[in-house]
Amino acid sequence: MNEGFLLWYRAPWSRREAAVVLRRLAALGLAARNPLTGAITVIADEPGAWGEQRSVSEPELLDGLDGLEAGSPGVAFQLWLDAASDVFTAVRATGNGIVVEFGLEGLGERQEQVVRALVRIVATFRSGCQGFVLDRAGRTWDEDWDGVVEGACPRLGDWPDILGIGRELAEHLLGPPAPSRFPDGALTVFSRG
């Protein structure tokens, strides 16, 4: 992912919450089912099959999203804007919960539409949100975002467009001069401007 991303850190995470999040995403125009074929597609992340697409049922997708363990590859799938445009999405376990990765690559002028929908999801599910990172251009992809959100990496080389992390972590975050910041519930949100 080098053309933009949104990372959303959560705990706890359950099959029920995953189902609700998928329904809300669909209501905002990002559906797990391809509008032309009706298929839900997962993307393999295993040696010898990397990138291979496989159709699954909704219960199978939800089974995969439930009970993720740290160190496992997680589950990658597509969210569809229309039959030709999709958002690569992956859910994996971290040391303290899960992270949902949304790729913003190849969306062109529709990128802002997708960003608005994803920001609404993050705002809707504030309870349990450990942090989030939005970088429209993908310039900070190589940062250790898991470490930043979990408090293990207090230094940033560069700042994303928007970063939301716990208040106590925000006070100790080091790096280039910090962009503007403001409190948002349990998080402090940094904005590039």
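Up top is the structure.
These numbers come from a predicted model, not from an experiment.

### Things to note about the overall build of the chain
When its secondary structure is counted, the chain shows five helices and ten strands. What you see for the chain is a C-alpha radius of gyration of 16 Å, in line with the 16 Å of a compact globule of 193 residues. By its C-alpha atoms, the chain is 50 × 35 × 35 Å across when sized along the principal axes. Residue pairs in contact within the chain that sit at least 24 positions apart in sequence constitute 57% of those at least 6 positions apart. Total accessible area on the chain stands at roughly 9600 Å², and carbon and sulfur atoms take up 50% of it. Both charge centroids of the chain, one from 18 positive and one from 27 negative side chains, sit 9 Å from each other.

### Examining the nonpolar core
One finds Trp-8 and Leu-61 to be the most contacted residues of the largest nonpolar core, which totals 42 residues. If near-sequence neighbours (up to four positions away) are discounted, Trp-8 is found in contact with Val-21, Ile-98, Val-99, Val-100, Phe-102, Ile-121, Val-122, Phe-125, Cys-129, Gly-131 and Phe-132. Grouped together as the second largest cluster of nonpolar side chains are 16 residues, Phe-5, Val-149, Trp-159 and Ala-170 included.

### Notes on the pairing of strand S10 (residues 187-191)
Within S10, five of the five residues are buried, which leaves it mostly tucked inside the rest of the structure. Of the two faces of S10, the one carrying Leu-187, Val-189 and Ser-191 and the one carrying Thr-188 and Phe-190 are both buried. Relative to S10, strand S9 (residues 180-184) is paired through five bridges, and the arrangement is antiparallel. By the bridge assignment, Phe-182 is partnered in S10 with Val-189. The hairpin turn running from S9 into S10, its antiparallel successor, is two residues long, and Gly-185 in that turn takes a positive phi close to 70°.

### Focus on the packing of helix H1 (residues 15-27) against helix H3 (residues 111-124)
It is the contact of H1 with H3, at a shortest axis distance of 10 Å, that shows an interaxial angle of 145°. Crossing angle aside, the handedness with which H1 passes H3 is right-handed. Of the residues in H3, those touching H1 at Val-21, Arg-24 and Leu-25 are Leu-118, Ile-121 and Thr-124. Its residues assigned to classes, the contact of H1 with H3 shows four nonpolar, one polar and one charged.

### Observations regarding the packing of H1 against helix H2 (residues 58-65)
Running from N to C, H1 and H2 cross one another at 125°; their axes reach a closest spacing of 9 Å. Comparing their axes, H2 and H1 come out oblique. You can see that H1 and H2 cross each other, and the crossing is right-handed. Mapping the contact onto sequence places Arg-15, Ala-18, Ala-19 and Leu-22 in H1 and Pro-59, Leu-61, Leu-62, Asp-63 and Leu-65 in H2. Per-class residue counts for the contact of H1 with H2 are seven nonpolar, no polar and two charged.

### Structural notes on H2
Buried within H2 we find Leu-61, Leu-62 and Leu-65. Projected onto a plane normal to the axis of H2, the buried residues spread over an arc of 95° and lie on a single side. Residues of H2 that are buried make contact with H1, strand S2 (40-43), strand S3 (53-56), strand S4 (75-82) and strand S5 (85-93). Gly-67 occupies a position one or two residues after H2 and carries a positive phi of about 75°.

### Looking at the sheet that holds strand S1 (residues 5-10)
Hydrogen bonds along the backbone pair up the strands of a sheet, which may run parallel or antiparallel. Taken together, the ten strands give an open sheet; going across it, the order is S3-S2-S4-S5-S6-S1-S7-S8-S10-S9, and neighbouring strands pair in antiparallel fashion. The strands lining the two open edges of the sheet, one partner per strand, are S3 and S9. Averaged over all neighbouring strand pairs, the angle between strand axes comes to 25°, with direction disregarded. Note: S5 against strand S6 (residues 98-103), five bridges, orientation antiparallel. Within the sheet, the bridge partner assigned to Thr-89 lies in S6 and is Phe-102.

How each quantity is defined
Residues numbered from 1 in each chain as written. Predicted model: local features only at pLDDT ≥ 70, side-chain atom pairs only at ≥ 80, totals over all residues. Heavy atoms only, no water. Helix = DSSP H or I, 4+ residues; strand = E, 2+ residues; numbered from the N terminus. Rg over C-alpha atoms; globule rule 2.2 N^0.38 Å. Contact = heavy atoms within 4.5 Å. Areas by Shrake-Rupley, 256 points an atom, 1.4 Å probe, with all protein chains shown as cover. Lys, Arg positive; Asp, Glu negative; His and termini not counted. Charge placed at Lys NZ, Arg CZ, Asp CG, Glu CD. Core = buried A, V, L, I, M, F, W, Y, C linked by side-chain atoms within 4.5 Å. Buried < 20%, exposed > 50% of the residue type's maximum accessible area, 1.4 Å probe, protein only. Pairing = 2+ DSSP bridges. Axes fitted to C-alpha atoms, helices over the stretch in contact; angles between N-to-C directions. Left-handed = near helix turned anticlockwise from the far one by under 90°. Nonpolar A, V, L, I, M, F, W, Y, C, P; charged D, E, K, R; others polar. Parallel < 35°, antiparallel > 145°, perpendicular 65-115°, else oblique. Arc of directions from axis to C-beta.

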